[in-house]
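Listed below, chain by chain, are the residues.
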Amino acid sequence: MKFKALIGTSILAMTVATPAFAQDAADEVERDAFGGEIVVTAQRQSERLQDVPIAVSAFSAEALEAQQIENASDLQLTLPNVTFSKGNFTGSSFTIRGIGDLCVGFSCDSATAIHINGSPLFGTRLFETEYFDLERIEVLRGPQGTLFGRNATSGVVNFVTAKPKLGQFEAALDAEYGNFDAYKVKGMVNVPLGDTLGFRAAGFYLKRDGYTTNLFDGSDIDGRKMYAVRGSLRWEPSDNTTVDLMGYYFREKDNRLRIQKQLCQRDPTGILGCLNNRREFGKVNANATFPSVLGSREVFALNGINPLLGLGTGSLYGTDANAAFVEPDDVRTVNTDFDPEYFTDEIQGQAQIDHSFGNINVQLTGIYQRTRVDSRQDYNLDVAGRGPIQPGLNSLAFLAANGLPGVPGSAAYFAPIAAALIPDGPGGKLCTSNTNPNGLGVFGGDAVCGMNPLAFDRSVAKNESWSTEAIISSDFDGPFNFLLGGIYADSTTTNGDYYVNAFSIDYFASLFGTFTALSTGRPPSFLGSPYFKNHDERFKLKSYGIFGEVYFDVSDRLKLTAGLRYNNDKKNDISNSTLASFLVPYGTTGDIFNSPYAGAFDADAGPSGTPGAQQFRDRTVKNDEFTGRVVVDFKISEDNLLYASYSRGYKSGGINPALQVNVPGVTDGFDPEIIDSFEIGSKNTFGNGALQLNLTGFYYKYKGLQLSRIVARTSINDNVDADIYGFEAEAVVRPGPDTLVNLGFSYLHTKVTDDKLFVNQRDPSGGLPNSVIIKDIGQAFNCAVVANVGGQATADAFVTAVNNGINASRGLTQANGLRGPTPFPADANLGAGSGAFSLCSALETAAAGTGGAITVHGGGVEVSIKGNELPQAPNFKFSAGVQHTIKMGEEMSLVPRFDLTYTGESYGNIFNGRVNKVKGYAQANAQLQLNGGDNRWYVRAYVQNIFDNNATTGLYLTDQSSGLFTNIFTLEPRRYGIGAGMKF
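Note that this is a predicted model, so its numbers are computed, not measured.

Criteria and thresholds
- Residues numbered from 1 in each chain as written.
- Predicted model: local features only at pLDDT ≥ 70, side-chain atom pairs only at ≥ 80, totals over all residues.
- Heavy atoms only, no water.
- Pairing = 2+ DSSP bridges.
- Helix = DSSP H or I, 4+ residues; strand = E, 2+ residues; numbered from the N terminus.
- Phe/Tyr/Trp six-rings, centres within 6.5 Å; stacked < 30°, edge-to-face > 60°.
- Buried < 20%, exposed > 50% of the residue type's maximum accessible area, 1.4 Å probe, protein only.
- Lys NZ or Arg CZ within 6 Å of the ring centre and 35° of its normal.
- Patch = residues over 30% accessible without salt bridge, like charges linked within 9 Å, V, L, I, M, F, W, Y side chains within 5 Å.
- Areas by Shrake-Rupley, 256 points an atom, 1.4 Å probe, with all protein chains shown as cover.
- Salt bridge = Lys/Arg side-chain N within 4 Å of Asp/Glu carboxyl O.
- Lys, Arg positive; Asp, Glu negative; His and termini not counted.
- Charge placed at Lys NZ, Arg CZ, Asp CG, Glu CD.
- Axes fitted to C-alpha atoms, helices over the stretch in contact; angles between N-to-C directions.
- 1 Å grid on protein atoms, 1.4 Å probe; cavity = no way out; pocket = protein on both sides within 12 Å on 5 of 7 lines; lining within 4 Å.
- Points joined across faces, edges and corners; volume = space filled by probe spheres on them.
- Nonpolar A, V, L, I, M, F, W, Y, C, P; charged D, E, K, R; others polar.
- pLDDT = per-residue confidence, 0-100.
- Contact = heavy atoms within 4.5 Å.
- Parallel < 35°, antiparallel > 145°, perpendicular 65-115°, else oblique.
- Left-handed = near helix turned anticlockwise from the far one by under 90°.

Peer 1: Teacher, can you tell me more about the sheet that holds strand β14 (residues 219–221) here?
Peer 2: For sheets, the rule is that strands pair by backbone hydrogen bonds, running either parallel or antiparallel. An order of β14-β13-β18 is seen for the three strands of this open sheet, with the pairing classed as mixed. Each edge of the open sheet is held by one strand with a lone partner, namely β14 and β18 (333–334). The pairing of strand β13 (residues 212–214) with β14 spans three bridges and is classified as antiparallel. Residue pairing in the sheet places Thr212 in a bridge with Ile221 of β14.

Peer 1: Could you clarify how one ought to interpret the packing of aromatic side chains in this entry?
Peer 2: The final tally for this structure, using the stated rule, is 27 aromatic pairs. Ring geometry for Tyr379 against Phe965: centres 5.8 Å apart, planes inclined by 75°, an arrangement best described as edge-to-face. Remark: Phe965 occurs in the loop between β51 (952–957) and β52 (966–970) and Tyr379 occurs in the loop between β20 (360–378) and α5 (390–402); sequence separation between them is 586 residues. Grouping residues by exposure puts Tyr379 and Phe965 together as buried. Feature note: the residues Phe290, Phe300, Phe508 and Phe512 constitute an aromatic cluster, connected by ring pairs. One Lys or Arg, Arg230, reaches over the ring of Phe132 and ends 4.3 Å from the middle of that ring. Geometry around Tyr342 places Arg256 over its ring, the cationic atom sitting 4.0 Å from the centre.

Peer 1: Help me out: how do you make sense of unusual backbone geometry in this one?
Peer 2: Trans is the common state for peptide bonds, and a negative phi is the common state for residues other than glycine. Going from Gly528 to Ser529, the amide bond is cis rather than trans, its omega being -10°. Checked against the element boundaries, Ser529 lands in the loop between β25 (525–528) and β26 (532–553). A positive phi is found at Leu381, a non-glycine position, where the angle reads about 45°. Here Leu381 is to be found in the loop between β20 and α5. Leu381 gets classed as buried once you look at its relative accessible area, which sits at 2%.

Peer 1: Hey, could you run me through a positive patch on the surface in this one?
Peer 2: Taken together, Arg538, Lys542, Lys570 and Lys622 make up a surface patch of like positive charges. Here Lys542 is to be found in strand β26. For Lys542, a relative accessible area of 38% corresponds to the partly exposed category.

Peer 1: Help me understand the sheet that holds strand β17 (residues 261–263), please; the structure alone is not making it clear to me.
Peer 2: Pairing is antiparallel in the open sheet, where three strands are placed in the order β17-β52-β51. Looking at the sheet topology across the chains shown, the edges are occupied by β17 and β51. Between one strand and the next, the sheet's axes are offset by a mean angle of 35°, whatever the strand orientation.

Peer 1: When you look at empty space enclosed by the protein in this model, what are you seeing that I'm missing?
Peer 2: One pass over the structure, following the stated rule, counts 16 cavities of 30 Å³ or more. In this model, the largest cavity occupies a volume close to 660 Å³. If you go around the largest cavity, you meet 42 residues; those closest to its centre are Asn71, Lys86, Arg208, Arg224 and Glu972. At the level of elements, α2 (72–75), β4 (82–86), β10 (170–178), β11 (182–192), β12 (197–208), β50 (937–944) and β52 are the ones that each hand at least two residues to the lining of the largest cavity. When grouped by side-chain class, the residues that make up the lining of the largest cavity number 13 nonpolar, 15 polar and 14 charged. Reported here for the second largest cavity is a volume of approximately 190 Å³. Lining the second largest cavity are 18 residues, with Ile54, Pro143, Gln144, Arg629 and Ser647 sitting closest to its centre. Contributing elements (two or more residues each) for the lining of the second largest cavity: β8 (134–141), β29 (617–637), β30 (640–651) and β33 (673–686).

Peer 1: Please clarify how the environment of Phe781 should be interpreted in this entry.
Peer 2: Mapped onto the fold, Phe781 is located in the loop between β38 (771–776) and β39 (782–787). Along the primary structure Phe781 and Leu121 are separated by 660 residues, whereas in three dimensions their C-alpha atoms are 38 Å apart.

Peer 1: Any chance you could explain the confidence of the model for the protein chain here in plain terms?
Peer 2: Low pLDDT marks regions whose predicted coordinates should not be analysed in detail. Averaged over every residue, the pLDDT of the protein chain is 88; residues scoring 70 or more account for 91%. In this model, residues 1–33 is a region of pLDDT below 50 whose contacts with residues beyond four sequence positions or in other chains number 129 contacts. Confidence drops under pLDDT 50 across residues 602–613; counting only partners more than four residues distant or on other chains, this segment forms 30 contacts.

Peer 1: Looking at this structure, how should I read the environment of Gly979?
Peer 2: Note on placement: Gly979 falls in strand β53 (residues 975–983). Looking at Gly979, the relative accessible area reads 6%, which means it is buried. C-alpha separation for the pair Gly979 and Gly178, spaced 801 residues apart in sequence, amounts to 8.5 Å. Setting aside residues up to four positions removed in sequence, Gly979 forms contacts with Ala175, Glu176, Tyr938, Val939 and Arg940.

Peer 1: How should I be thinking about the packing of α5 against helix α7 (residues 503–520) in this particular structure?
Peer 2: If you want to describe how two helices pack, look at the angle between their axes and the distance between the axes. Running from N to C, α5 and α7 cross one another at 40°; their axes reach a closest spacing of 13 Å. Considered as vectors, α5 and α7 are oriented oblique to each other. For the crossing formed where α5 meets α7, the hand is left-handed. Here α5 contributes Gly392, Leu393 and Leu396 to the contact with α7, which in turn contributes Phe503, Tyr507 and Leu511.

Set out below in structure tokens:
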């Protein structure tokens, strides 16, 4: 068998499509909208799709248009065992066969490798753009052990751009208008520059109003405004040489919501913020959040600040800032006083040279990429009430003017606070620190002001990367062929920051800083940073791989493939995390670390007070691994193929983000993922193309699955083992020359096999009765008190006694200090019967003297996740599409098409349970297109998401200090419109 190695595209295969229906054996293959018979490059060699022993799907440009696949969310609808959802920090994730991006952080590799024309991309924004002028999109399911750039454990998505055509002029223009006042224009022009040189330019522009109504001012938010341009140059100086150059730029700047909606079963106790039974349109009890806890009257009093001064922003046991807020009971309606901001752009430059030395082919490819992203929005998607904090503001203004009674000169300590936070007086605007990397915020003159106390977050990063790859392959006539290659990649992320800013944090940081400075004789100071800042100064990745495959034809029907790859990854991370960590005198410039008291901050271990500690945590991790694959495929006939394969996939380990506080049991890094994949498949064509049926079964043994959990307001990654197995079927039916039906079905089973123990943040009691869940007043985290002897009353009495002791040591009573436990509602779905505000450290000390009758679990009671399903892994999926061509005379045709997809149930969290369940959902699309003669022009009407399904596609749980609300991501609403296009 002669191999024709096609190195020009480095990945994958094609089509949901099919060979055209054949009238008889003598008829030529007729091309339809799906491309007809397809030649693919899944193994970096030219083969028929049905000859490739790999589970592949792909879409030609015509198929993308016919199925209304305009972006990543659309792409996943018809792919078996593939789902797509947005992430919490401006990211997105393809999940293939239950393997997605469950790891969170800059040092996490994507489980699904994203490529452009065969080159790997880092932090790409291709998930956000619209598709235009593509030759095809290719999707390969399963771990890639040998050939494809940096390995991915779930699969590969490759975007193949349209290349210049030599010797001919072409142009195309498409315009579309739809609801939400959406308009989009796409265009392309192909220009010959002599016989051997051609240039192609393409682009799109999209603008639409927002999907979401903001009740605060009646505006529409979550709009889009973006464009992209691409230029390509192809030079063929000889029959054996091809040179391709490509440049690309994408930009978006609008008011898109990164987090669309937040759901919460409101906790009336304020201990958790949100309860564990269901997701509903409630608003988190703000008394459970870090700013409210540390800014409360009780915490002020316990820290020696006289409650009679009235400086606390409210009581832990009183009305919270969200008590009067009514959450709109619609996913497309919010009420927020902070307008969202979204900016991102991406630059790509790629060069590729292919040359054939007879039966040896050589390809060299290089790519440069730069991406930026910057997103801000209301952290709680609410309008916080001013009432609970007004007494504190009045007291602050008084102290700024008069100082503490009996403390001469103390007004100078409060005046800078009032000048920064309430510059127009206690009844005027409130100023909140802006998201500034220097950590000075409002006390450095950088503020965002409004009449209500604001809270917002920001996710920002810049990445620059490049890679180069060389491949040598053979094209011998005999039974033996080979492929050898190597790749080197270098990626750097700078200023990768996540911020949470709130007026109440500024208030707490300034007042606690003032009283600390006063009591120690230091100058007027605040605690820096006066907002949560998880800062990545620089993350650096250097990676290389050496790989090769051999192909041996045992006979005309039996073929063996064997591949091996060596992977080497080195990662370095320089980062820190600050939140009210050390004193910073007012007037400090440049950066908070210019404070003379910054030496008391240990970035390795949290605010330990170690003198002379370094500003940044510097960590390096190295991983290397051998991976590969073995495939046996047997042709029963030219139209029927059986294959079996083993593949080992690998994803490198990484470095956990820096923590702002000490957390026992959290490691600096996490281990690599290793997956052993066993797959069998059958590819079949029947009736001269009337039916195409592809079947695949697979089993994965997963070691070291990287799994994220939130600890201390930061995503920390661990490793667990899992087993995965499933089945996939794809079929295309041609009952006649003018009718096409495509069908897909997949089943998936996932199970954690590790007996590792983790804290379920939604229920820190671990389901144990006779327990009390504690909100720690020092850091707003949770711990749990469990009565090993006695019942609920024993646990309640213990907490009450400890709290009374804490009050007494400060000269307080329950009237102005800590109180005993409060019962949770009956439908809270918690093991604990009650909850309380307290100090976990004090409870642990007291429990040590009970002889084991009481146990205090820091962070919460750990539970096993063995047997749980993996997140974002629907148990089954079904898709169907049908189109029929109605010929109107000899030239024109009318093509109606309908597509339906149903995605089964899954979980959004590794702890599973009702509150984490993502219900199954369906989406239906329809289109009617009128084509002119020779397809030179067309007019179409379309509707997407016909039934306006607002189904949740993914979710993200916030941490305990934020109140455990759930961010959800949903399908886009129903969209409809008309479009027209022409081709020259």
